[in-house]
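# Structural overview for review
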Amino acid sequence: MELHVIDTGYFKLDGGAMFGVVPKSLWSRHHPPDERNLCTWAMRCLLVVSGNRRILIDNGLGDKQEAAFFAHYQPHGDATLDGSLKAAGFHRDDITDVFLTHLHFDHCGGSIRWNSARDGFEPAFRNATYWSNEHHWQWATKPNPRERASFLSDNILPIRESGQLRFVDVGRRSAEENLFIPEVFPGFGVLLVNGHTDAMMIPFIEHKGRTLIYMADLLPSVHHIPLPWVMAYDTRPLLTLQEKSDVLELAARQDHVLFFEHDATHQCCTVQETGKGVRLKETFPLSAL
Ligand SMILES: [Zn+2]
(Lines give C-alpha, C1' and ligand atoms only; values in the text may rest on other atoms or scores of the structure.)
Protein backbone atom coordinates (compact mmCIF):
# COMPACT_ATOMS: atom_id res chain seq x y z
CA MET A 1 0.00 0.00 0.00
CA GLU A 2 1.26 3.48 -0.88
CA LEU A 3 0.11 6.70 0.79
CA HIS A 4 0.41 10.16 -0.75
CA VAL A 5 -0.38 13.49 0.91
CA ILE A 6 -2.72 15.46 -1.36
CA ASP A 7 -2.65 19.08 -0.24
CA THR A 8 -5.54 21.17 -1.57
CA GLY A 9 -4.48 24.47 0.01
CA TYR A 10 -5.38 26.47 3.10
CA PHE A 11 -8.49 28.32 4.26
CA LYS A 12 -9.50 30.43 7.24
CA LEU A 13 -11.89 29.79 10.10
CA ASP A 14 -12.71 31.77 13.22
CA GLY A 15 -10.19 30.96 15.95
CA GLY A 16 -12.78 30.99 18.71
CA ALA A 17 -15.05 28.57 16.84
CA MET A 18 -12.09 26.22 16.36
CA PHE A 19 -11.30 26.02 20.08
CA GLY A 20 -14.71 26.14 21.77
CA VAL A 21 -14.48 27.05 25.45
CA VAL A 22 -10.70 27.57 25.40
CA PRO A 23 -9.91 31.27 26.02
CA LYS A 24 -8.29 33.24 23.22
CA SER A 25 -5.38 34.08 25.55
CA LEU A 26 -4.47 30.37 25.38
CA TRP A 27 -5.25 29.31 21.79
CA SER A 28 -3.81 32.47 20.23
CA ARG A 29 -0.33 31.49 21.47
CA HIS A 30 -0.38 28.56 19.05
CA HIS A 31 -2.62 30.07 16.38
CA PRO A 32 -2.14 33.85 16.14
CA PRO A 33 -5.35 35.15 14.52
CA ASP A 34 -5.55 37.84 11.85
CA GLU A 35 -7.37 41.16 12.35
CA ARG A 36 -10.73 39.40 11.77
CA ASN A 37 -9.94 36.74 14.38
CA LEU A 38 -9.44 34.13 11.65
CA CYS A 39 -6.77 31.42 11.74
CA THR A 40 -5.29 29.42 8.87
CA TRP A 41 -6.11 25.73 8.43
CA ALA A 42 -5.02 23.13 5.91
CA MET A 43 -7.25 20.92 3.78
CA ARG A 44 -4.88 17.95 3.57
CA CYS A 45 -6.31 14.93 1.82
CA LEU A 46 -4.78 11.47 1.55
CA LEU A 47 -4.46 9.18 -1.46
CA VAL A 48 -4.36 5.47 -0.62
CA VAL A 49 -3.05 3.28 -3.43
CA SER A 50 -3.77 -0.37 -2.74
CA GLY A 51 -3.76 -3.00 -5.51
CA ASN A 52 -5.71 -1.44 -8.35
CA ARG A 53 -7.65 0.86 -6.04
CA ARG A 54 -6.79 4.53 -5.73
CA ILE A 55 -8.79 5.86 -2.81
CA LEU A 56 -8.88 9.61 -2.19
CA ILE A 57 -9.94 10.56 1.35
CA ASP A 58 -11.79 13.92 1.27
CA ASN A 59 -11.16 16.54 -1.43
CA GLY A 60 -11.13 20.07 0.02
CA LEU A 61 -13.33 23.07 -0.76
CA GLY A 62 -13.57 22.74 -4.53
CA ASP A 63 -14.00 25.81 -6.73
CA LYS A 64 -17.65 26.10 -7.64
CA GLN A 65 -18.99 28.41 -4.91
CA GLU A 66 -19.59 32.12 -5.37
CA ALA A 67 -17.08 34.89 -4.70
CA ALA A 68 -18.79 35.86 -1.41
CA PHE A 69 -18.29 32.33 -0.10
CA PHE A 70 -14.59 32.33 -0.97
CA ALA A 71 -14.16 35.86 0.43
CA HIS A 72 -15.42 34.48 3.72
CA TYR A 73 -13.22 31.36 3.86
CA GLN A 74 -10.24 32.83 1.98
CA PRO A 75 -8.75 29.76 0.28
CA HIS A 76 -5.05 30.40 -0.34
CA GLY A 77 -1.68 28.73 -0.90
CA ASP A 78 -0.05 27.17 -3.93
CA ALA A 79 -1.34 23.63 -3.51
CA THR A 80 -4.24 22.41 -5.62
CA LEU A 81 -5.92 19.04 -5.76
CA ASP A 82 -4.86 18.47 -9.39
CA GLY A 83 -1.31 19.71 -8.78
CA SER A 84 -0.89 17.46 -5.73
CA LEU A 85 -2.31 14.43 -7.56
CA LYS A 86 0.07 15.12 -10.46
CA ALA A 87 3.05 15.41 -8.12
CA ALA A 88 2.12 11.97 -6.77
CA GLY A 89 1.93 10.60 -10.33
CA PHE A 90 -1.84 10.52 -10.73
CA HIS A 91 -4.74 12.29 -12.46
CA ARG A 92 -8.22 12.77 -11.02
CA ASP A 93 -9.57 10.28 -13.58
CA ASP A 94 -7.35 7.61 -11.96
CA ILE A 95 -9.30 7.85 -8.70
CA THR A 96 -11.44 4.73 -8.19
CA ASP A 97 -12.93 5.68 -4.82
CA VAL A 98 -13.67 9.04 -3.19
CA PHE A 99 -14.04 8.39 0.53
CA LEU A 100 -15.86 11.23 2.29
CA THR A 101 -15.31 11.35 6.06
CA HIS A 102 -18.37 13.62 6.25
CA LEU A 103 -20.18 16.09 4.03
CA HIS A 104 -19.15 19.46 5.48
CA PHE A 105 -18.01 21.73 2.62
CA ASP A 106 -14.31 21.78 3.53
CA HIS A 107 -14.20 17.98 3.17
CA CYS A 108 -16.36 17.27 0.13
CA GLY A 109 -16.52 20.51 -1.93
CA GLY A 110 -14.12 19.11 -4.53
CA SER A 111 -16.48 16.19 -5.26
CA ILE A 112 -18.59 18.15 -7.73
CA ARG A 113 -17.64 20.77 -10.32
CA TRP A 114 -19.30 22.88 -12.99
CA ASN A 115 -19.81 21.10 -16.32
CA SER A 116 -18.00 22.54 -19.34
CA ALA A 117 -21.06 24.62 -20.38
CA ARG A 118 -21.26 25.98 -16.80
CA ASP A 119 -25.00 25.35 -16.73
CA GLY A 120 -24.96 22.42 -14.33
CA PHE A 121 -22.81 20.26 -12.11
CA GLU A 122 -20.98 17.00 -12.74
CA PRO A 123 -18.87 14.62 -10.63
CA ALA A 124 -15.27 15.87 -10.52
CA PHE A 125 -14.04 12.24 -10.36
CA ARG A 126 -15.83 10.58 -13.23
CA ASN A 127 -14.44 7.07 -12.70
CA ALA A 128 -14.88 6.98 -8.93
CA THR A 129 -17.37 5.51 -6.51
CA TYR A 130 -18.20 8.09 -3.83
CA TRP A 131 -18.48 6.69 -0.29
CA SER A 132 -20.62 8.03 2.53
CA ASN A 133 -22.92 6.17 4.91
CA GLU A 134 -26.68 6.15 4.98
CA HIS A 135 -27.06 7.69 8.43
CA HIS A 136 -24.75 10.61 7.67
CA TRP A 137 -26.32 11.10 4.24
CA GLN A 138 -29.79 11.46 5.80
CA TRP A 139 -28.35 13.84 8.41
CA ALA A 140 -26.61 16.00 5.77
CA THR A 141 -29.47 16.17 3.30
CA LYS A 142 -31.98 17.30 5.95
CA PRO A 143 -29.62 19.60 7.83
CA ASN A 144 -30.38 21.11 11.21
CA PRO A 145 -30.14 24.94 11.35
CA ARG A 146 -26.80 24.79 13.16
CA GLU A 147 -25.03 22.75 10.47
CA ARG A 148 -26.94 24.12 7.48
CA ALA A 149 -24.11 26.49 6.48
CA SER A 150 -21.73 23.50 6.36
CA PHE A 151 -23.90 21.07 4.38
CA LEU A 152 -24.18 22.71 0.94
CA SER A 153 -26.68 20.97 -1.32
CA ASP A 154 -24.57 21.75 -4.43
CA ASN A 155 -21.78 19.60 -2.94
CA ILE A 156 -24.03 16.74 -1.95
CA LEU A 157 -27.12 16.17 -4.10
CA PRO A 158 -25.30 15.89 -7.47
CA ILE A 159 -23.31 12.95 -6.05
CA ARG A 160 -26.50 10.96 -5.67
CA GLU A 161 -27.85 12.14 -9.04
CA SER A 162 -24.66 10.92 -10.74
CA GLY A 163 -25.37 7.33 -9.69
CA GLN A 164 -21.82 7.12 -8.28
CA LEU A 165 -22.84 7.18 -4.58
CA ARG A 166 -22.43 4.12 -2.35
CA PHE A 167 -22.90 3.70 1.36
CA VAL A 168 -20.45 1.96 3.68
CA ASP A 169 -22.39 -0.84 5.35
CA VAL A 170 -22.33 0.17 9.00
CA GLY A 171 -24.41 -2.83 10.07
CA ARG A 172 -25.80 -1.80 13.41
CA ARG A 173 -27.08 1.66 14.26
CA SER A 174 -24.40 4.26 13.76
CA ALA A 175 -25.17 6.11 16.99
CA GLU A 176 -23.54 3.32 18.98
CA GLU A 177 -20.38 4.40 20.66
CA ASN A 178 -17.11 3.75 18.84
CA LEU A 179 -18.51 1.43 16.20
CA PHE A 180 -15.55 0.13 14.20
CA ILE A 181 -16.03 -1.35 10.73
CA PRO A 182 -12.96 -3.37 9.70
CA GLU A 183 -11.85 -3.84 6.09
CA VAL A 184 -14.08 -1.40 4.27
CA PHE A 185 -11.22 -1.76 1.80
CA PRO A 186 -8.27 -4.14 2.35
CA GLY A 187 -6.17 -2.72 5.22
CA PHE A 188 -8.61 0.19 5.61
CA GLY A 189 -11.12 0.18 8.49
CA VAL A 190 -13.45 2.93 9.63
CA LEU A 191 -14.40 4.23 13.07
CA LEU A 192 -17.81 5.89 13.25
CA VAL A 193 -17.95 8.87 15.59
CA ASN A 194 -20.87 11.15 16.38
CA GLY A 195 -19.60 14.14 18.36
CA HIS A 196 -18.62 16.47 15.50
CA THR A 197 -21.56 15.53 13.30
CA ASP A 198 -23.63 12.35 13.00
CA ALA A 199 -21.74 9.29 11.75
CA MET A 200 -18.44 10.87 10.67
CA MET A 201 -16.09 8.17 9.36
CA ILE A 202 -12.49 8.08 10.63
CA PRO A 203 -10.22 5.87 8.45
CA PHE A 204 -7.73 3.50 10.11
CA ILE A 205 -5.13 2.48 7.53
CA GLU A 206 -2.54 -0.29 7.90
CA HIS A 207 0.75 0.97 6.48
CA LYS A 208 4.32 -0.31 6.92
CA GLY A 209 3.40 -2.27 10.05
CA ARG A 210 1.77 0.78 11.69
CA THR A 211 -1.81 2.03 11.90
CA LEU A 212 -2.36 5.52 10.53
CA ILE A 213 -5.55 7.25 11.66
CA TYR A 214 -6.93 9.97 9.37
CA MET A 215 -8.26 12.28 12.11
CA ALA A 216 -10.52 14.55 10.00
CA ASP A 217 -12.56 16.71 12.40
CA LEU A 218 -12.20 14.44 15.42
CA LEU A 219 -8.78 16.09 16.00
CA PRO A 220 -8.19 19.04 13.64
CA SER A 221 -4.65 19.86 14.85
CA VAL A 222 -1.97 18.90 17.38
CA HIS A 223 -3.30 21.68 19.60
CA HIS A 224 -6.63 19.87 19.96
CA ILE A 225 -5.00 16.96 21.82
CA PRO A 226 -5.89 18.17 25.39
CA LEU A 227 -9.43 16.89 25.93
CA PRO A 228 -11.28 20.21 26.54
CA TRP A 229 -9.87 21.70 23.32
CA VAL A 230 -12.98 20.81 21.29
CA MET A 231 -14.36 22.84 18.40
CA ALA A 232 -17.48 24.96 18.98
CA TYR A 233 -18.72 23.59 15.64
CA ASP A 234 -19.26 20.14 17.19
CA THR A 235 -22.89 19.21 17.73
CA ARG A 236 -22.12 17.07 20.81
CA PRO A 237 -18.90 18.36 22.39
CA LEU A 238 -18.99 16.02 25.38
CA LEU A 239 -19.28 13.05 23.05
CA THR A 240 -16.32 14.36 21.01
CA LEU A 241 -14.36 14.59 24.23
CA GLN A 242 -15.06 10.91 25.00
CA GLU A 243 -14.38 9.81 21.40
CA LYS A 244 -11.12 11.76 21.38
CA SER A 245 -10.10 10.28 24.71
CA ASP A 246 -10.74 6.72 23.46
CA VAL A 247 -8.78 7.21 20.23
CA LEU A 248 -5.89 9.06 21.90
CA GLU A 249 -5.53 6.38 24.58
CA LEU A 250 -5.54 3.67 21.94
CA ALA A 251 -3.01 5.60 19.83
CA ALA A 252 -0.72 6.14 22.83
CA ARG A 253 -0.87 2.43 23.80
CA GLN A 254 -0.28 1.11 20.29
CA ASP A 255 1.94 3.90 18.91
CA HIS A 256 -0.51 4.67 16.12
CA VAL A 257 0.20 7.56 13.75
CA LEU A 258 -2.30 10.42 13.72
CA PHE A 259 -2.66 12.19 10.35
CA PHE A 260 -4.03 15.74 10.36
CA GLU A 261 -6.35 17.13 7.73
CA HIS A 262 -6.54 20.68 9.13
CA ASP A 263 -3.23 21.30 10.96
CA ALA A 264 -1.50 23.96 8.87
CA THR A 265 2.01 22.90 9.91
CA HIS A 266 2.00 19.26 10.99
CA GLN A 267 1.12 16.27 8.82
CA CYS A 268 1.49 13.51 11.40
CA CYS A 269 2.14 12.91 15.06
CA THR A 270 2.37 10.23 17.71
CA VAL A 271 1.09 10.63 21.27
CA GLN A 272 2.06 9.34 24.70
CA GLU A 273 0.45 8.87 28.10
CA THR A 274 1.65 11.39 30.69
CA GLY A 275 0.56 12.14 34.24
CA LYS A 276 -1.74 14.85 32.81
CA GLY A 277 -3.35 12.62 30.19
CA VAL A 278 -2.38 11.82 26.63
CA ARG A 279 -0.06 14.41 25.11
CA LEU A 280 1.96 14.98 21.94
CA LYS A 281 5.03 12.76 21.52
CA GLU A 282 6.48 13.89 18.20
CA THR A 283 5.42 15.41 14.89
CA PHE A 284 6.77 14.39 11.48
CA PRO A 285 5.85 14.40 7.80
CA LEU A 286 4.20 11.34 6.28
CA SER A 287 7.37 10.75 4.24
CA ALA A 288 9.25 9.97 7.49
CA LEU A 289 7.18 6.80 8.00
ZN1 LIG B 1 -13.33 20.28 8.67
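About the criteria used
- Residues numbered from 1 in each chain as written.
- Predicted model: local features only at pLDDT ≥ 70, side-chain atom pairs only at ≥ 80, totals over all residues.
- Heavy atoms only, no water.
- Helix = DSSP H or I, 4+ residues; strand = E, 2+ residues; numbered from the N terminus.
- Expected span 1.5 Å × (residues − 1).
- Buried < 20%, exposed > 50% of the residue type's maximum accessible area, 1.4 Å probe, protein only.
- Contact = heavy atoms within 4.5 Å.
- Donors = N, O, S within 2.8 Å, 3.2 Å for Na, K, Ca; no water.
- Axes fitted to C-alpha atoms, helices over the stretch in contact; angles between N-to-C directions.
- Parallel < 35°, antiparallel > 145°, perpendicular 65-115°, else oblique.
- Left-handed = near helix turned anticlockwise from the far one by under 90°.
- Nonpolar A, V, L, I, M, F, W, Y, C, P; charged D, E, K, R; others polar.
- Pairing = 2+ DSSP bridges.
- Polar contact = N/O pair within 3.5 Å; in protein donor to acceptor, adjacent residues only side chain to side chain.
- Arc of directions from axis to C-beta.
- Phe/Tyr/Trp six-rings, centres within 6.5 Å; stacked < 30°, edge-to-face > 60°.
- Lys NZ or Arg CZ within 6 Å of the ring centre and 35° of its normal.

For helix α8 (residues 237-254), built from 18 residues, the straight-helix expectation of 26 Å at 1.5 Å per residue is met to within 8% by its first-to-last C-alpha distance of 25 Å. Listed in full, the buried residues belonging to α8 are Thr240, Glu243, Lys244, Ser245, Val247, Leu248 and Ala251. At its buried positions, α8 is contacted by β10 (188-193), β12 (210-214), β13 (257-259), β14 (268-274) and β15 (277-284).

In this section: the coordination of the zinc ion. Distances from the zinc ion to its protein donors, Asp106 (OD), His107 (NE2), Asp217 (OD), Asp217 (OD) and His262 (NE2), fall within 2.0 to 2.7 Å. Each donor residue of the zinc ion belongs to the same chain, with the gaps between them written as D-H-x109-D-x44-H. Pair noted here: aspartate 106 is in helix α5 (residues 105-108) and histidine 262 is in the loop between β13 and β14, with a separation of 156 residues, a long-range link. This pair shows no difference in class: aspartate 106 is buried, exactly as histidine 262 is.

For the pair helix α6 (residues 134-141) and helix α7 (residues 153-161), the least separation of the axes is 10 Å and the interaxial angle reads 130°. Relative to α7, the element α6 is oriented oblique. In this structure, the crossing between α6 and α7 has a hand that is left-handed. In this structure, α6 uses Trp137, Ala140 and Thr141 to contact α7, whose residues at the interface are Ile156, Leu157, Ile159 and Arg160. Of the residues assigned to the contact of α6 with α7, the class counts are 5 nonpolar, 1 polar and 1 charged.

Before going further, it helps to examine the sheet that holds strand β8 (residues 165-167). Across the sheet, 6 strands lie side by side as β1-β2-β3-β4-β7-β8; this open sheet has mixed pairing. Looking along the sheet, the strands with just one partner apiece sit at the ends: β1 (2-14) and β8. Geometrically, the sheet is characterised by an average inter-axis angle of 25° between neighbouring strands, direction not taken into account. Here β1 runs beside strand β2 (residues 38-50); their pairing, made up of 11 bridges, is antiparallel. Bridge pairing links glutamate 2 to valine 49 in β2.

Moving on, we come to the side chain of asparagine 115. Tracing the sequence through the fold places asparagine 115 in the loop between β5 (112-114) and β6 (121-123). Take asparagine 115: its relative accessible area is 18%, and that puts it in the buried class. Within the structure, the side chain of asparagine 115 is placed 2.8 Å from the backbone nitrogen of arginine 118, a separation counted as a polar contact. Within the structure, the side chain of asparagine 115 is placed 2.8 Å from the side chain of aspartate 119, a separation counted as a polar contact. Apart from residues no more than four positions distant in its own chain, asparagine 115 is found in contact with Gly120, Phe121 and Glu122.

Turning to α6, its buried residues are His136, Trp137 and Ala140. Along the axis of α6, the buried positions cluster into a sector of 100°, meaning they face one direction only. Buried residues in α6 make contact with β7 (129-132), α7 and β8. Sitting at the amino-terminal end of α6 is asparagine 133, which places a side-chain oxygen 3.2 Å from the backbone nitrogen of histidine 135.

What follows is about the packing of aromatic side chains. A full pass over the atoms with the stated rule returns 16 aromatic pairs. Consider the rings of phenylalanine 69 and tyrosine 73, whose centres lie 4.9 Å apart with planes at 55°: the pair is tilted. Note that phenylalanine 69 and tyrosine 73 are positioned in helix α3 (residues 67-73) at a spacing of 4 residues, about one turn of the helix. Take phenylalanine 69 and tyrosine 73: they sit in the same class, and that class is buried. Taking the centre distance of 4.6 Å and the plane angle of 50° together, the rings of tyrosine 73 and phenylalanine 105 count as tilted. One end of the pair, tyrosine 73, is in helix α3; the other, phenylalanine 105, is in helix α5, and 32 residues separate them in sequence. Phenylalanine 105 shares its class with tyrosine 73; the two are buried. Above the ring of phenylalanine 125, the side-chain terminus of arginine 92 is found at 5.1 Å from the ring centroid.

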